[in-house]
Amino acid sequence: MSSEEERRCGHVALVGAPNVGKSTLLNELIGAKVSIVSPKVQTTRSRILGIAIEGAAQLIFVDTPGIFTPKRRLERAMVAAAWAGAADADLVVVLIDAARGVDEDARRIIDGLKSAGRRAVLALNKVDLVSPTRLLPLTAALDKEGIFAAVFMVSALSGDGVADLKRHLAGAVPAGPWLFPEDQLTDLPQRLIAAEITREQVFLQLHQELPYATFVETDEWQEREDGSVRVAQTIHVQRDSQKAIVLGKAGRQIKEIGARARAELERVLGRRVHLFLFVRVTEDWTEDRARYRDMGLEFES
Ligand code: GDP
Ligand code: MG
């Protein structure tokens, strides 16, 4: 146990292009699932906190939506939230996909940090996908950018290198008291985590524009005497045709989404869950102010 005087604490923002593995890395750093992951871009919509203890340090990680060139309102709000996450943090970790290298999105992030005069820690992720001979020139080129205080090669998926990165961050956050109770892993309420877990299944099981037309809301959360919990949720879509796809033939698709979400929710919560899903058409949810407030996003971004 660390004494109060030697404690350290800080916010560490994880930023990067869509799909570089920010949420996977967050979960690995925390040792629990607090942020949902899918092979599709823009899975993460808002800022998500994951909290870890490393020696005398409490690390408050901020998972952010990917930084890309936004077109629609929701995208603009997501990118704004990502930059705000970086601006507010004590430390910034930039993730770059080792297989993708410095593409247009990575370039924008590096240039954005430079013009903000910020230094960052570089985490070259997905090193499991590339040969070491290709990594060397890439790290050398990134080093020349002059903004990286340290460079780590990691695989968020396998966990390789993540402990080293965590130790480095623990030594780099400022001295100060811990801001959260020792056993707290996230600031997300359980109802929201539950909605995110169902949304993860929507991202994993549905394709094309559908995941992006969808949001999930937990309507009911009822504790039961036997220790289980009854959760009712609505999957909102924008059109009738989308509703038909989410339901599937004879309700097969919604059943599959519900079955997998329930299993994942039981795993995450460590208790039995009764999950009830409904599908509703809410045409204009991406233009609804209240929606953005609930997600912790700025409507006018
Ligand atoms: P985010 O959009 O940056 O939050 O990325 P996610 O964490 O959602 O991950 C996007 C995809 O990359 C998912 O399919 C992950 O399983 C995959 N991924 C993340 N980290 C790694 C890694 O280290 N190696 C490999 N091979 N895949 C990874
Ligand atoms: Mg993410």
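Because the structure is a prediction, the values reported are computed rather than measured. (Residues numbered from 1 in each chain as written. Chains lettered and ligands numbered in written order. Predicted model: local features only at pLDDT ≥ 70, side-chain atom pairs only at ≥ 80, totals over all residues. Heavy atoms only, no water.)

Novice: Explanation requested: the overall build of the chain in the structure shown.
Specialist: On a plain count of helices and strands, the chain comes out with nine helices and nine strands. Since a compact globule built from 301 residues should have a radius of gyration of about 19 Å, the 20 Å found for the chain is in line with a globular shape. Principal-axis analysis of the C-alpha atoms gives the chain an extent of 55 × 45 × 40 Å. Across the 301 residues in the chain, those meeting the buried criterion constitute 53%. A sequence separation of at least 24 residues applies to 70% of the contacts in the chain between residues at least 6 apart. Working note: accessible area of the chain is about 14,100 Å², and carbon and sulfur atoms make up 50% of it. Side chains of the chain carry 40 positive and 42 negative charges; the gap between the two charge centres is 5 Å. (Helix = DSSP H or I, 4+ residues; strand = E, 2+ residues; numbered from the N terminus. Rg over C-alpha atoms; globule rule 2.2 N^0.38 Å. Buried < 20%, exposed > 50% of the residue type's maximum accessible area, 1.4 Å probe, protein only. Contact = heavy atoms within 4.5 Å. Areas by Shrake-Rupley, 256 points an atom, 1.4 Å probe, with all protein chains shown as cover. Lys, Arg positive; Asp, Glu negative; His and termini not counted. Charge placed at Lys NZ, Arg CZ, Asp CG, Glu CD.)

Novice: How do you make sense of the sheet that holds strand β5 (residues 120-125) when you look at a structure like this?
Specialist: Strands in a sheet are paired, the pairing made by backbone hydrogen bonds, and the direction either parallel or antiparallel. Strand order in the open sheet made by the six strands is β2-β3-β1-β4-β5-β6, with mixed pairing throughout. Only two strands of the sheet have a single partner each, and these edge strands are β2 (48-54) and β6 (148-153). Neighbour-to-neighbour, the strand axes of the sheet open up by a mean angle of 25°, direction not taken into account. One ladder, built from seven bridges, connects strand β1 (residues 8-16) with strand β3 (residues 57-63); its direction is parallel. The residue of β3 that forms the bridge with arginine 8 is alanine 57. (Pairing = 2+ DSSP bridges. Axes fitted to C-alpha atoms, helices over the stretch in contact; angles between N-to-C directions.)

Novice: Is there a simple way to think about the pattern of salt bridges in this case?
Specialist: Opposite charge on two side chains makes pairing possible when the charged atoms of those side chains draw close. Using the criterion set out here, one finds 21 salt bridges in the structure. Here arginine 72 makes a salt bridge to glutamate 75, at a shortest N to O gap of 3.2 Å. Among the residues examined, arginine 72 registers a relative accessible area of 55% and is labelled exposed. Among the ionic pairs, aspartate 294 bridges to arginine 291, the shortest N-O distance being 3.7 Å. You can see aspartate 294 and its partner arginine 291 sitting in helix α9 (residues 289-295), three residues apart, about one turn around the helix. Each of Lys33, Glu200, Glu264 and Arg267 takes part in one network of salt bridges that share partners. (Salt bridge = Lys/Arg side-chain N within 4 Å of Asp/Glu carboxyl O.)

Novice: Please clarify how the pairing of β6 should be interpreted in this entry.
Specialist: The side chains of a regular strand alternate between the sheet's two faces. Here β5 runs beside β6; their pairing, made up of five bridges, is parallel. Note that in β6 the partner of valine 121 across the bridge is alanine 150. Between the parallel pair β5 and β6, the chain is carried across by helix α4 (residues 132-143), and the sense of this crossover is right-handed. (Right-handed = clockwise from strand over helix to strand, strands pointing away.)

Novice: For this particular structure, what's the right way to read the packing of helix α7 (residues 240-247) against helix α8 (residues 252-269)?
Specialist: Here α7 crosses α8 at 60°, and the two axes come no closer than 4 Å. Contact residues: Ile245, Val246 and Leu247 in α7; Arg252, Gln253, Ile254 and Ile257 in α8. Each residue belonging to the contact of α7 with α8 can be placed in one class, and the counts come to five nonpolar, one polar and one charged. (Nonpolar A, V, L, I, M, F, W, Y, C, P; charged D, E, K, R; others polar.)

Novice: I'm lost on the coordination of the magnesium ion (ligand 2) in this one. Help?
Specialist: Six octahedrally arranged donors around a metal ideally form angles of 90 or 180 degrees; four tetrahedrally arranged donors ideally form angles of 109.5 degrees. Those donors, Ser23 (OG) and Thr44 (OG1), are the protein atoms that reach the magnesium ion (ligand 2), and they lie 2.0 to 2.2 Å from it. You can see serine 23 sitting in helix α1 (residues 22-30) and its partner threonine 44 sitting in the loop between α1 and β2, a full 21 residues away along the chain. Overall, serine 23 belongs to the buried group, its relative accessible area being 8%. With a relative accessible area of 8%, threonine 44 lands in the buried category. (Donors = N, O, S within 2.8 Å, 3.2 Å for Na, K, Ca; no water.)

Novice: Where do I start with the domain arrangement of the chain in this structure?
Specialist: Often, the extent of an interface is quoted as the loss of accessible area on bringing the components together. We note that the domain assignment places domain 1 (4-172) and domain 2 (190-294) within the chain. Placing the centre of domain 1 and that of domain 2 at their C-alpha centroids yields a distance of 28 Å. Each partner contributes to the interface: domain 1 provides 15 residues, whereas domain 2 provides 19 residues. Buried area between domain 1 and domain 2, summed over both chains or domains, comes out near 1,500 Å², and the portion from carbon and sulfur atoms is 55%. Considering only the side of domain 1, the residues that lose the most area to domain 2 are Lys33, Lys40 and Arg45, jointly responsible for 42% of the buried surface there. For the pair domain 1 and domain 2, the number of links is three salt bridges. In this structure, lysine 33 and glutamate 200 form a salt bridge, with 2.5 Å as the shortest nitrogen-oxygen distance. (Domains from an automatic or database assignment. Buried area = accessible area lost by both parts, 1.4 Å probe.)

Novice: How do you make sense of the site of ligand 1 when you look at a structure like this?
Specialist: The environment of ligand 1 is made up of 16 residues, and the closest members are Asn19, Gly21, Lys22, Thr24 and Asp128. One nitrogen or oxygen atom from the side chain of lysine 126 is found 3.1 Å from an oxygen atom belonging to ligand 1. Computed on the free molecule, ligand 1 has an accessible area of 580 Å², of which 88% lies beneath the protein chains in the complex. Counting residues per element, the shell around ligand 1 draws most heavily on α1, at three residues. (Near = heavy atom within 4 Å. Polar contact = N/O pair within 3.5 Å; in protein donor to acceptor, adjacent residues only side chain to side chain.)

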